[in-house]
Amino acid sequence: QGDRLGKRIDELQKDGALTAAQATSIKAQITDGKLPEAMNALMTAMTSKRLAALVAAKTITPDQSTDIASLIEDGVPLGIAGPPPGASQGATPPEGQTRPGSARRADHAAKELAALVEDKRITQEQADQVTALIKAGAPIGIGGPGRRGGDGPGLRHHDRNPDGAG
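Presented here is an overview of the structure given in this document. Fair warning: this is a prediction, and the values are worked out from it, not measured in the lab.

Regarding the overall build of the chain
- Looking only at helices and strands, the chain features six helices and two strands.
- When burial is assessed residue by residue, the chain has 30% of its 166 residues classed as buried.
- Long-range contacts, defined as pairs at least 24 residues apart, comprise 59% of the intrachain contacts of the chain with a sequence gap of at least 6.
- Element-wise, carbon and sulfur atoms account for 52% of the exposed surface of the chain, whose accessible area totals about 10,600 Å².

Here you go:
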């Protein structure tokens, strides 16, 4: 797994998603057998790059970027939606307005956030921050094991049939 990850790190550095220093540091952690730390550093670097692209595209504000990064760093299972950095982000709504569907996404996320608070995985304050960011139009959602866009496998079309057929 370390070899495949090393190749992926080289690709990310070549594409500009990682700096040379970040790539070297992550590879050193892999060599030292610190795979969880290496993965965390990789995800942090990629999240920073993605948030910077969203700020540059004026999809989110610098303050929202800081809030999202802090929440992720604190362990809130957030995923960043939308096209990858560099791709067209679509029209940005005028200041003070939110993107269509923001209220619907916020309502859906509120249910998931309530479950995370109940399970004591996040605090109510963190849940309120996420809700405010979603209502403001930030392209984030709840991620985590077994959820699409999270850090685990999501449901595939063949997972609906217990016999394994799609």
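Further notes follow.
Looking at helix α6 (residues 124-135)
- Relative to the 16 Å expected for 12 residues at 1.5 Å per residue, α6 spans 16 Å between its end C-alpha atoms, a close match to the ideal helical length.
- Residues of α6 that are buried: Gln126, Ala127, Val130, Thr131, Leu133 and Ile134. Buried positions in α6, seen along its axis, are confined to an arc of 165° and lie on one side of it.
- Just beyond α6, the residue with positive phi is glycine 137, at close to 100°.

Quick word on helix α2 (residues 20-31)
- Between the first and last C-alpha of α2 there are 16 Å, a value that for 12 residues agrees with the 16 Å anticipated at 1.5 Å per step.
- If you check which residues of α2 are buried, you get Ala23, Ile26 and Ile30. All buried residues of α2 project into a common sector of 70° when viewed along the axis, lining one side. Turned more than 90 degrees from where α2 packs its buried face, Ala21, Thr24 and Thr31 sit exposed.
- Residue glycine 33 follows α2 closely and has a positive phi angle near 80°.

Considerations on the pattern of salt bridges
- This structure, assessed with the given rule, holds two salt bridges.
- Of the charged contacts, one joins arginine 8 and glutamate 11 as a salt bridge, the two residues approaching to 3.2 Å between their closest N and O atoms. With arginine 8 and glutamate 11 both in helix α1 (residues 2-14), this residue pair falls three residues apart, about one helical turn.
- The class for glutamate 11 is partly exposed, based on a relative accessible area of 42%.
- For the salt bridge of lysine 27 with aspartate 10, the shortest nitrogen-to-oxygen distance reads 2.2 Å. In this pair, lysine 27 is assigned in helix α2 and aspartate 10 in helix α1, connecting sequence segments 17 residues apart.

Quick notes on the nonpolar core
- Counting 18 residues, the largest nonpolar core has Ile68, Leu78, Leu113, Val130, Ile140 and Ile142 as its most contacted members.
- Those elements that provide at least two residues to this core are α3 (35-56), α4 (62-73), α5 (102-118), α6 and β2 (140-142).
- Among all residues touching leucine 113, those that are not within four sequence positions of it are Ile122, Ala127, Val130, Thr131 and Ile142.
- If you look at the next biggest cluster of nonpolar residues, it comprises 11 residues, including Ala17, Ile30, Ala38 and Leu42.

Thoughts on the side chain of serine 65
- Relative to the assigned elements, serine 65 resides in helix α4.
- In this structure, serine 65 is in contact with Leu51, Val55 and Ile60, ignoring residues within four places of it in sequence.

Focus: the packing of α2 against α3
- As a packed pair, α2 and α3 sit with axes 7 Å apart at the nearest point and diverge in direction by 160°. One finds that α2 runs roughly antiparallel with respect to α3. Viewed along their axes, α2 and α3 form a crossing whose handedness is left-handed. Of α3, the residues touching α2 (which contributes Gln22, Ile26, Gln29 and Ile30) are Leu35, Glu37, Ala38, Ala41, Leu42 and Ala45.

Overview of the environment of aspartate 67
- As for its position among the elements, aspartate 67 is in helix α4.
- Separated by 62 residues in sequence, aspartate 67 and glutamine 129 have C-alpha atoms that sit 7.9 Å apart.

Cut-offs applied
- Residues numbered from 1 in each chain as written.
- Predicted model: local features only at pLDDT ≥ 70, side-chain atom pairs only at ≥ 80, totals over all residues.
- Heavy atoms only, no water.
- Helix = DSSP H or I, 4+ residues; strand = E, 2+ residues; numbered from the N terminus.
- Buried < 20%, exposed > 50% of the residue type's maximum accessible area, 1.4 Å probe, protein only.
- Contact = heavy atoms within 4.5 Å.
- Areas by Shrake-Rupley, 256 points an atom, 1.4 Å probe, with all protein chains shown as cover.
- Expected span 1.5 Å × (residues − 1).
- Arc of directions from axis to C-beta.
- Salt bridge = Lys/Arg side-chain N within 4 Å of Asp/Glu carboxyl O.
- Core = buried A, V, L, I, M, F, W, Y, C linked by side-chain atoms within 4.5 Å.
- Axes fitted to C-alpha atoms, helices over the stretch in contact; angles between N-to-C directions.
- Parallel < 35°, antiparallel > 145°, perpendicular 65-115°, else oblique.
- Left-handed = near helix turned anticlockwise from the far one by under 90°.

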